[in-house]
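Listed below are the residues making up each chain.
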Amino acid sequence: MRQQPTTSIWALDALAAEVARRQRTGERGVFTNGVFDLLHQGHLRYLQDARALGDFLVVGVNDDESVRRIKGPKRPLVPEHERAELVGGLACVDYVTVFGDNTAEAVVRALRPSIYLKGADYIRGRTDDATITLRPDELRAVLAGDLRVHPELAGLAERLAEARVVAEYGGTLCLVSGVPDRSTSALIQRIVERYGSGAADGDASSENRLKPQRAQRAQKR
């Protein structure tokens, strides 16, 4: 019998009530969002790091239409319900919701998580081990243009629309580094290089071996 996913996909209104309930008891909710197309090691470690920051982790997954707007007409490779189920099947993920906007502003505004987490690619001139945590007062200062402590965050409000929402309700923003050279784009490129525009050597050899068998079957018809 097929085992059901351990994490269900939540509608936003029900999820907002659940997050509010848990945070009223003193728990810290962590929220992050993304496409999560072709789940890989970088995704896993990023989500594990996110879960370690609080008491429960909520993940927003872009729906197919928003992915096409963000990534182009050839993406996603994996449909939204499968991507959401895969993310929800990870032990570090407690809740999943699917959303249709290009950014997660509306989701963050509805959930009001204690911590909102994104990747360190929003840090200008970052290094691979860059990680920044901005508590409410620090986040408000950066968004107001005070960059004395974090000059690398210039233009953050324009590059990360959700940051202003987090500042409005008094949440914490974390920007964390990922696993170097681990991305869906790199994975797609590797697949194209090995299997695109003509079969790989091994596949070509298999194809050549099958040709005589096909010819024999055709003669018998």
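Quick caveat, the model's predicted, so the values are computed rather than measured. (Residues numbered from 1 in each chain as written. Predicted model: local features only at pLDDT ≥ 70, side-chain atom pairs only at ≥ 80, totals over all residues. Heavy atoms only, no water.)

**Student:** Requested: an account of the sheet that holds strand β2 (residues 56-62), with residues and values cited.
**Tutor:** What the six strands build is an open sheet, ordered β3-β2-β1-β4-β6-β5; its pairing is mixed. Unpaired on one side and paired on the other, β3 (95-99) and β5 (132-134) mark the two borders of the sheet. Between one strand and the next, the sheet's axes are offset by a mean angle of 20°, whatever the strand orientation. Bridging between β2 and β3 involves five bridges; their strand directions are parallel. In the sheet register, N62 faces β3, and the bridge partner there is F99. Across the sheet, helix α2 (residues 41-52) touches β1 (29-34), β2, β4 (115-119) and β6 (172-176), and the angle it forms with β2 is around 140°. With respect to the sheet, helix α8 (residues 162-169) is in contact with β1, β4 and β6, its orientation differing from that of β6 by roughly 145°. (Pairing = 2+ DSSP bridges. Helix = DSSP H or I, 4+ residues; strand = E, 2+ residues; numbered from the N terminus. Axes fitted to C-alpha atoms, helices over the stretch in contact; angles between N-to-C directions. Contact = heavy atoms within 4.5 Å.)

**Student:** Hey, could you go over the nonpolar core for me, with residue numbers and the actual values?
**Tutor:** Considering soluble globular proteins, one finds that nonpolar side chains tend to be buried as a cluster. Formed by 33 residues in total, the largest nonpolar core has its most connected members in L139, L156 and L173. Looking at this core, the element that brings in the most residues is α8, giving five residues. Not counting chain neighbours up to four residues away, the residues in contact with L156 comprise Y122, L134, L139, V142, L143, A163 and L173. Judged by nonpolar contacts, the second largest core, of 18 residues, contains L47, L57, A84 and V87. (Core = buried A, V, L, I, M, F, W, Y, C linked by side-chain atoms within 4.5 Å. Buried < 20%, exposed > 50% of the residue type's maximum accessible area, 1.4 Å probe, protein only.)

**Student:** Just give me the short version of the side chain of N33, but keep the residues and values in it.
**Tutor:** Summarising the element assignment, N33 is placed in strand β1. A distance of 2.6 Å separates a polar atom in the side chain of N33 from a polar atom in the side chain of Y116. Residues within four places of N33 in sequence aside, it is in contact with G60, F99, A104, Y116, K118 and E162. (Polar contact = N/O pair within 3.5 Å; in protein donor to acceptor, adjacent residues only side chain to side chain.)

**Student:** Describe the environment of E168, and please don't skip the residues or the numbers.
**Tutor:** Tracing the chain through its elements places E168 in helix α8. A relative accessible area of 58% means that E168 is categorised as exposed. Taking the C-alpha atoms as reference points, E168 and P136, separated by 32 residues in sequence, lie 8.8 Å from one another.

**Student:** Tell me what's going on with the packing of helix α6 (residues 136-143) against α8, and back it up with residues and numbers.
**Tutor:** Geometrically, a packed helix pair is captured by the angle between its two axes and the distance between the axes. Where α6 meets α8, the closest approach of the two axes is 9 Å, and the angle between their N-to-C directions is 135°. Looking at the two axes, α6 sits oblique to α8. The element α6 and its partner α8 pack so that their crossing is left-handed. Where α6 abuts α8, its residues L139, R140 and L143 lie against A163, R164, V166 and A167. Looking at side-chain class alone, the contact of α6 with α8 contains five nonpolar, no polar and two charged residues. (Parallel < 35°, antiparallel > 145°, perpendicular 65-115°, else oblique. Left-handed = near helix turned anticlockwise from the far one by under 90°. Nonpolar A, V, L, I, M, F, W, Y, C, P; charged D, E, K, R; others polar.)

**Student:** If you had to explain helix α4 (residues 80-88) to someone new, which residues and values would you point to?
**Tutor:** The set of residues buried in α4 consists of R83, A84, V87 and G88. Buried residues of α4, viewed axially, fall in a sector of 130°; they line one side. Looking at the buried positions of α4, the neighbouring elements they touch are α2, β2, α3 (64-71) and β3. (Arc of directions from axis to C-beta.)

**Student:** So what's going on with the side chain of R83? Residues and values would help.
**Tutor:** Residue placement: R83 occurs in helix α4. Within the local environment of R83, its side chain forms a polar contact with the backbone oxygen of V78, the two atoms lying 2.7 Å apart. With residues near it in sequence (within four places) discarded, R83 still touches V35, F36, D37, V61, N62, D63, D64, V67, P76 and V78.

**Student:** Before we move on, can you summarise the pattern of salt bridges with the specific residues and values?
**Tutor:** Tallied over the entire structure, the rule returns eight salt bridges. E168 serves as the salt-bridge partner of R109, at 3.9 Å between the closest nitrogen and oxygen. With R109 in helix α5 (residues 105-111) and E168 in helix α8, the pair connects residues that are 59 residues apart, well separated along the chain. (Salt bridge = Lys/Arg side-chain N within 4 Å of Asp/Glu carboxyl O.)

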